[in-house]
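Residue-level listing of the chains:
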Amino acid sequence: MSEEMKISKNKLVLVVMIVCIQSFLYFADEAFEILKLQPSDVGLLVFFTFALIKSLRTKKKIINIEYNLDLYIVLFFALILTSSIQSNLVFGQSIIDGLIQQRRLIIWCLIYFLIKKALESGNIRYSTLFEALKIVAFLELFLFILQYLIAPSFMFLHVNTSTRYGGLRFYFMPTLLDFLFMVEADKLLDKKRSHQKRLLSAVTCLLVIFETMVVQKFRLTSIALLICLALAMYIKRSGIDTKIVYTFLGVVLFVLLLNTTMAQDLIYQIKSGFSDYGHFGVRLDGRKLYLSMIAQHPILGAGYPYIQKALEAAGYNKAIFLSDNGVFGYIYIYGTLGAMWVIMIWRKLIKMSVNIFKQTNETYFLFFYLFFIITSVNEIHWYWETGFGIFILSVLLLEEKNQLIKMEKENNVR
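Only a predicted model underlies this, so the values are computations on that prediction, with no experimental measurement involved.

Definitions and limits used
- Residues numbered from 1 in each chain as written.
- Predicted model: local features only at pLDDT ≥ 70, side-chain atom pairs only at ≥ 80, totals over all residues.
- Heavy atoms only, no water.
- Helix = DSSP H or I, 4+ residues; strand = E, 2+ residues; numbered from the N terminus.
- Contact = heavy atoms within 4.5 Å.
- Areas by Shrake-Rupley, 256 points an atom, 1.4 Å probe, with all protein chains shown as cover.
- Pairing = 2+ DSSP bridges.
- Phe/Tyr/Trp six-rings, centres within 6.5 Å; stacked < 30°, edge-to-face > 60°.
- Buried < 20%, exposed > 50% of the residue type's maximum accessible area, 1.4 Å probe, protein only.
- Axes fitted to C-alpha atoms, helices over the stretch in contact; angles between N-to-C directions.
- Parallel < 35°, antiparallel > 145°, perpendicular 65-115°, else oblique.
- Left-handed = near helix turned anticlockwise from the far one by under 90°.
- Nonpolar A, V, L, I, M, F, W, Y, C, P; charged D, E, K, R; others polar.
- Core = buried A, V, L, I, M, F, W, Y, C linked by side-chain atoms within 4.5 Å.
- Patch = residues over 30% accessible without salt bridge, like charges linked within 9 Å, V, L, I, M, F, W, Y side chains within 5 Å.
- Salt bridge = Lys/Arg side-chain N within 4 Å of Asp/Glu carboxyl O.
- Expected span 1.5 Å × (residues − 1).

1. Details of the overall build of the protein chain
Alright, step 1. Secondary structure assignment for the protein chain yields 16 helices and two strands.
Alright, step 2. Pairs at least 24 apart in sequence give 76% of the contacts found in the protein chain among residues at least 6 apart.
Alright, step 3. Working note: accessible area of the protein chain is about 19,700 Å², and carbon and sulfur atoms make up 66% of it.

And the structure:
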């Protein structure tokens, strides 16, 4: 095992904590409740307790709204509150119900400040958190593919399934695997690494693509990952020979993908104007519904639905789901204010990611956030379920990486 993947005590604890927030990696059934708490709630509270203990070991301030992204998280708190109030005004849903539905978002916003304080004080190191995320990502990748290979004869993970393209489709949360893909794609394109390590990165990228295309059968996600890989290849500072080789391999891979059932289905959908209700049509209906509601409540949106009246207005009785309509579903909840928040924070994330690329030639932060822009029409995995937790941890890493670069430059000047 490489030096970077060795398990220290802190790294092991973080791995366990991240496994907890990932719904125990689907080993626990979310339908099971204890005192109204689901397994993912319990795991998140455990992680919150861990973050609180780590942050209490220093006397530094927790909140500093002038520093990087703190203000954006505070503003997101405000969005959660206003959406809960709005759902009360529009549908008569209690404010408490709106907050309960967004409880995990609230806890993650609190964890942001706690982990940030621990990072600033050195109680948690950047490399420790970064490698812990990678370890859990590799674990997820192995388990998801294994479950696919032995299903349906034996199901050891609690996960929703359906059928697509004549086979079983699994609904795992892919956000952490998206992050792993960007990291390994960056390493694959790093000419300073040995051929053996680059080969391992290539295998990892292929496995993530396999998981995305075959296990979960995500169309837009698969396309977005490949687009990000191609863009990374062209902007990363590497030799012309490397670019030529990967361009050739990319063309070969693209031709092979064109002959897959998924690609043929996508081509058919484009030709038919995305009118097939069983595929894209339901999303078009959803967007029409959401846009009509946004037109009625443009500033604050319709709020987060919980009671039956609010759920029906959001189209749940028509099999229209907010999570399937990307940024449209998000704006339905938070309105124009929510859209402004997304634009502002993404502008900041891209700016900070570009700074890291310029200083280190590392592309994974930049393309992790660009990936979400590409997929935002249909998917915003960074917001839903455990995806928001991975997003928050990535933001913490992004901030800390920029801070480390700044400190290193200051030390060099001295």
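And the narrative resumes.
2. Details of the pairing of strand 1 (residues 161-164)
As a general feature of sheets, a regular strand has side chains that alternate between the two faces.
Alright, step 1. Strand direction decides the pairing type here: strand 1 and strand 2 (residues 167-170), joined by four bridges, are antiparallel. Residue threonine 161 lies in a different strand from strand 2, and its bridge partner there is phenylalanine 170.
Alright, step 2. Joining the antiparallel neighbours strand 1 and strand 2 is a turn of two residues, in which tyrosine 165 adopts a positive phi near 55°.

3. Brief notes about the packing of aromatic side chains
Alright, step 1. Under the definition given, this model contains 36 aromatic pairs.
Alright, step 2. On the basis of an interplanar angle of 75° and a centroid distance of 6.1 Å, the ring pair of phenylalanine 130 and phenylalanine 179 is categorised as edge-to-face. One end of the pair, phenylalanine 130, is in helix 6 (residues 126-150); the other, phenylalanine 179, is in helix 7 (residues 175-188), and 49 residues separate them in sequence.
Alright, step 3. Overall, the relative accessible area of 7% leaves phenylalanine 130 in the buried class.
Alright, step 4. Residue phenylalanine 179 is classed as buried on the basis of its relative accessible area, which comes to 2%.
Alright, step 5. The interplanar angle of 80° and the centroid separation of 6.1 Å between the aromatic rings of tyrosine 148 and phenylalanine 210 together place this pair among those described as edge-to-face. Residue tyrosine 148 is located in helix 6, and its partner phenylalanine 210 is located in helix 8 (residues 195-215); the two are separated by 62 residues in the primary sequence.
Alright, step 6. For tyrosine 148, a relative accessible area of 23% puts it in the partly exposed group.

4. A short note on the environment of isoleucine 405
Alright, step 1. Among the structural elements, isoleucine 405 can be located in helix 16 (residues 387-413).
Alright, step 2. Taking the C-alpha atoms as reference points, isoleucine 405 and isoleucine 356, 49 residues apart in sequence, are found 7.8 Å from one another.
Alright, step 3. In this view, isoleucine 405 contacts Ile356, Gln359 and Thr360; residues no more than four positions away in its chain are not counted.

5. Brief notes about the packing of helix 14 (residues 326-360) against helix 15 (residues 364-375)
Alright, step 1. Their axes nearest at 8 Å, the elements helix 14 and helix 15 cross at an angle of 150°. Classed by the angle they form, the pair helix 14 and helix 15 counts as roughly antiparallel. Note on packing geometry: the crossing formed by helix 14 with helix 15 is left-handed. In this structure, helix 14 uses Trp346, Leu349, Ile350, Ser353, Val354 and Ile356 to contact helix 15, whose residues at the interface are Phe365, Leu366, Tyr369, Leu370, Phe372 and Ile373.
Alright, step 2. Residues belonging to the contact of helix 14 with helix 15 are distributed by class as follows: eleven nonpolar, one polar and no charged.

6. Quick word on the nonpolar core
Alright, step 1. Within the largest apolar cluster, 111 residues are counted, with the highest numbers of intra-cluster contacts made by Phe76, Trp382 and Tyr383.
Alright, step 2. The leading source of residues in this core is helix 6, at twelve residues.

7. Observations concerning a nonpolar patch on the surface
Alright, step 1. Together, Leu37, Val42, Leu45 and Val46 make up a nonpolar patch on the protein surface, roughly 260 Å² of accessible area in all.
Alright, step 2. Among the residues examined, leucine 37 registers a relative accessible area of 33% and is labelled partly exposed.

8. Thoughts on helix 5 (residues 103-121)
Alright, step 1. If you check helix 5, its first and last C-alpha atoms are 27 Å apart, about what 19 residues at 1.5 Å a residue would give, namely 27 Å.
Alright, step 2. Phi turns positive one or two residues past the end of helix 5, at glycine 122, with a value near 90°.

9. Structural notes on helix 2 (residues 39-55)
Alright, step 1. With 17 residues, helix 2 should cover 24 Å at 1.5 Å per step; its first-to-last C-alpha distance of 24 Å lies within 8% of that length.
Alright, step 2. Buried within helix 2 are the following residues: Pro39, Ser40, Asp41, Gly43, Leu44, Phe47, Phe50, Ala51, Lys54 and Ser55.

10. Brief notes about unusual backbone geometry
Alright, step 1. Between alanine 151 and proline 152 the backbone carries a cis peptide bond, its omega angle lying at 0°.
Alright, step 2. Tracing the sequence through the fold places proline 152 in the loop between helix 6 and strand 1.

11. Regarding the environment of leucine 110
Alright, step 1. Its location among the elements puts leucine 110 in helix 5.
Alright, step 2. For the pair formed by leucine 110 and phenylalanine 48, sequence separation is 62 residues and the distance between their alpha carbons is 8.0 Å.
Alright, step 3. Setting aside residues no more than four positions away along its own chain, leucine 110 makes contact with Phe48 and Phe77.

12. Section: the pattern of salt bridges
Side chains bearing opposite charge may pair, as long as their charged atoms lie close to each other.
Alright, step 1. Under the counting rule described, the total for this entry stands at eight salt bridges.
Alright, step 2. For lysine 116, the salt bridge identified is with aspartate 70, shortest N-O distance 2.3 Å. One end of the pair, lysine 116, is in helix 5; the other, aspartate 70, is in helix 3 (residues 70-91), and 46 residues separate them in sequence. With respect to class, lysine 116 is no different from aspartate 70; both count as buried.
Alright, step 3. The partner of lysine 236 in a salt bridge is aspartate 186, with the nearest N and O atoms 2.9 Å apart. Here the residue lysine 236 occupies a position in the loop between helix 9 (219-235) and helix 10 (240-258), and aspartate 186 occupies one in helix 7, the gap between them amounting to 50 residues. Of the two residues, lysine 236 and aspartate 186, neither departs from the other in class, the shared state being buried.
Alright, step 4. Members of the salt-bridge network, linked through shared partners, are Asp41, Arg103 and Arg104.

13. A few points about the packing of helix 3 against helix 5
Alright, step 1. Their axes nearest at 10 Å, the elements helix 3 and helix 5 cross at an angle of 160°. If you check the angle between helix 3 and helix 5, you find them roughly antiparallel. In the crossing of helix 3 with helix 5, the sense of the turn from one axis to the other is left-handed. From helix 3, Asp70, Ile73, Val74, Phe76, Phe77 and Ile80 reach across to helix 5, where they touch Leu105, Ile106, Cys109, Leu110, Tyr112, Phe113 and Lys116.
Alright, step 2. Tallied by class, the residues present in the contact of helix 3 with helix 5 amount to eleven nonpolar, no polar and two charged.

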